[in-house]
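Residue strings, one per chain:
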Number of protein chains: 2
Amino acid sequence: MAKMSEHTHKQFDAELEAIRTGVLQMGGLVETQVANALEGLKTGNVGLLDRVIEGDHRINLLEVDLGEACQHIIAKRQPAAVDLRLVMTVIKSISDLERIGDEAKKIAKAGKRLHAGEVPFMPRVELGYAAGLALDMLRSALDGFARADVTNAPVIKSQDEEVDASFKGIMRQLITFMMEDPRTISNSLEVLFIAKSIERIGDHAKNISEYVVFLVQGRDIRYAKSAQSAAAKGE
Amino acid sequence: MAKMSEHTHKQFDAELEAIRTGVLQMGGLVETQVANALEGLKTGNVGLLDRVIEGDHRINLLEVDLGEACQHIIAKRQPAAVDLRLVMTVIKSISDLERIGDEAKKIAKAGKRLHAGEVPFMPRVELGYAAGLALDMLRSALDGFARADVTNAPVIKSQDEEVDASFKGIMRQLITFMMEDPRTISNSLEVLFIAKSIERIGDHAKNISEYVVFLVQGRDIRYAKSAQSAAAKGE
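Residues numbered from 1 in each chain as written. Chains lettered and ligands numbered in written order. Predicted model: local features only at pLDDT ≥ 70, side-chain atom pairs only at ≥ 80, totals over all residues. Heavy atoms only, no water.

**Student:** Is there a simple way to think about the overall build of chain A in this case?
**Tutor:** Helix and strand counts for chain A stand at six helices and zero strands. Of the regular secondary structure in chain A, the N- to C-terminal order runs α-α-α-α-α-α. Referenced to the eigenvectors of the C-alpha coordinate spread, the extents of chain A come out at roughly 70 × 45 × 35 Å. The burial tally for chain A puts 53% of its 235 residues in the buried class. Long-range pairs, those at least 24 residues apart, make up 82% of the contacts in chain A between residues at least 6 apart in sequence. Element-wise, carbon and sulfur atoms account for 53% of the exposed surface of chain A, whose accessible area totals about 10,700 Å². Averaging the locations of the 30 positively and 34 negatively charged side chains of chain A gives two centres separated by 2 Å. (Helix = DSSP H or I, 4+ residues; strand = E, 2+ residues; numbered from the N terminus. Buried < 20%, exposed > 50% of the residue type's maximum accessible area, 1.4 Å probe, protein only. Contact = heavy atoms within 4.5 Å. Areas by Shrake-Rupley, 256 points an atom, 1.4 Å probe, with all protein chains shown as cover. Lys, Arg positive; Asp, Glu negative; His and termini not counted. Charge placed at Lys NZ, Arg CZ, Asp CG, Glu CD.)

Given below as structure tokens:
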């Protein structure tokens with residue numbers, strides 16, 4: 001393998017730094033989208049919800065740009081070891097970030113239907129706790145990526161379980177609601193899908209945090225329990 | 001860049017072929033999981049549903065194995081052009097396939113709750129049409145990947161729209177159901193989430209079909225409308 005000149009080396013470093021900061025930029029944008037969607041849902045600020053819906057577009061384009069930058073690095077630089085793990089982490093993280101963006105857009109659309117409907121009515125279910133947790137998980141995961149620090153990964157994992165439990169609680173509340181007053185069914189389902197989106201945002205944040213563990217420690221912890229199993233050999 | 005020896009070249013080809021067939025093997029497994037989950041749901045075969053739930057594990061391990069094989073190729077072979085696009089396509093496709101596997105598992109779990117519940121009751125909603133479409137999309141997408149053929153991509157796209165429309169129809173039927181008899185609400189929600197899983201399977205199949213277009217034509221069509229937009233430059 002050809003040894004890189006100092007010039008090439010510097011360029012390579014700059015390219016790695018560019019995808020790294022690209023993820024953080026994209027992550028910040030996604031975080032804002034989620035926060036605005038939840039804020040608009042809470043306050044009925046339809047203008048804010050519209051901005052979220054329109055803003056999703058930029059996140060999609062960032063995903064394409066960063067994906068291409070990763071391909072360029074792979075094709076030109078033959079990254080190895082931690083550099084390769086960074087590229088892989090970026091490729092995976094931008095996919096999860098893009099999907100978080102999609103969930104923010106879905107929340108914003110559902111928010112508009114709830115607030116702008118003929119009979120504006122919002123089932124009195126507390127989404128704030130789960131939403132706060134999911135946003136916190138996203139921030140922590142991006143922070144872990146920024147500092148290549150895995151110490152918060154176990155916290156994020158337990159927060160994810162809390163979000164899941166919270167989703168189930170919200171579903172039970174909504175079922176009670178709907179049974180007491182069947183006229184609330186349509187809007188309750190809107191809220192149920194919003195809760196589901198929040199739960200998924202937590203899942204994606206946990207994914208990103210697991211990629212950071214892979215980045216730092218060089219191992220894939222997603223199915224750690226079973227990594228030695230022979231099942232993968234398959235028939 | 002060093003020119004590869006014939007021996008290395010043959011090895012490289014074998015490695016590319018291995019990840020290609022790996023995706024098809026994983027895809028076949030995922031397809032079976034989805035078909036079995038839907039079959040078990042329909043017939044109440046709890047043993048079959050259990051097998052789906054246990055079988056998800058193997059899919060997760062295949063994802064890890066194939067992901068590592070892709071990393072190996074990137075690190076050792078410096079793939080370029082269509083070879084690099086194949087590696088990128090595999091990295092993305094296995095993520096979607098793994099998520100389809102998760103949806104199959106969710107359907108199986110919901111199926112068990114519906115059939116093994118204290119009051120086994122299944123809202124009379126026709127899921128078969130959407131399910132058949134989603135399975136067909138998955139098969140077509142994998143077939144397109146196998147033959148590096150993009151001719152079915154527009155068909156898959158329009159099938160995806162049909163699945164989405166079908167999901168909305170199912171939701172409307174379920175709402176009517178629940179309003180007429182609030183005792184059906186819990187089970188109707190199970191069916192609603194099953195329908196949502198079917199819709200997501202269609203989304204993932206469409207993603208895979210879009211990666212195949214990228215593989216064959218070298219362009220990312222996911223956000224094609226806006227590819228030239230300057231928005232991605234961001235501030």
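**Student:** Would you mind showing me how to read the relation of the copies chain B and chain A here?
**Tutor:** Here the two chain copies are tied together by a rotation about an axis and a shift along that axis. In the superposition of chain B on chain A (RMSD 0.0 Å, axial shift 0.0 Å), the rotation amounts to 180 degrees. Within this description, the copies of the chain are treated as partners about a two-fold rotation axis. Identified as the residue of chain B closest to the rotation axis by C-alpha distance is Gln-78 of chain B, at 2.6 Å. Taken as a fraction of all interface residues of chain B, those also at the interface in chain A reach 100%, which identifies the copy contact as same-surface. (Least-squares fit on C-alpha atoms with pLDDT ≥ 70 in both.)

**Student:** Got a minute to help me understand the pattern of salt bridges in this structure?
**Tutor:** Where charged atoms from two side chains of opposite charge come close, those side chains can pair. Taken as a whole and assessed by the stated rule, the structure comprises 32 salt bridges over all chains. Glu-17 of chain A serves as the salt-bridge partner of Arg-20 of chain A, at 3.2 Å between the closest nitrogen and oxygen. Of this pair, Arg-20 of chain A and Glu-17 of chain A both sit in helix α1 (residues 6–43), three residues apart, roughly one helical turn. On the basis of relative accessibility, which here comes to 36%, the residue Glu-17 of chain A falls in the partly exposed class. With its nearest N and O atoms 3.0 Å apart, the salt bridge here joins Asp-181 of chain B to Arg-183 of chain B. Residue classification places Asp-181 of chain B among the partly exposed positions, given a relative accessible area of 22%. When salt bridges with common partners are traced through the structure, they connect Glu-103 and Lys-106 of chain A together with Arg-200 of chain B into a single cluster. (Salt bridge = Lys/Arg side-chain N within 4 Å of Asp/Glu carboxyl O.)

**Student:** I'm lost on the confidence of the model for chain A in this one. Help?
**Tutor:** It should be kept in mind that the predicted coordinates are not to be read in detail where pLDDT is low. Taken over all residues, the pLDDT of chain A has a mean of 91, while the share at 70 or more is 92%. Per-element confidence in chain A ranges from a low mean pLDDT of 95 for α1 of chain A to a high of 97 for helix α4 (residues 128–147) of chain A. (pLDDT = per-residue confidence, 0-100.)

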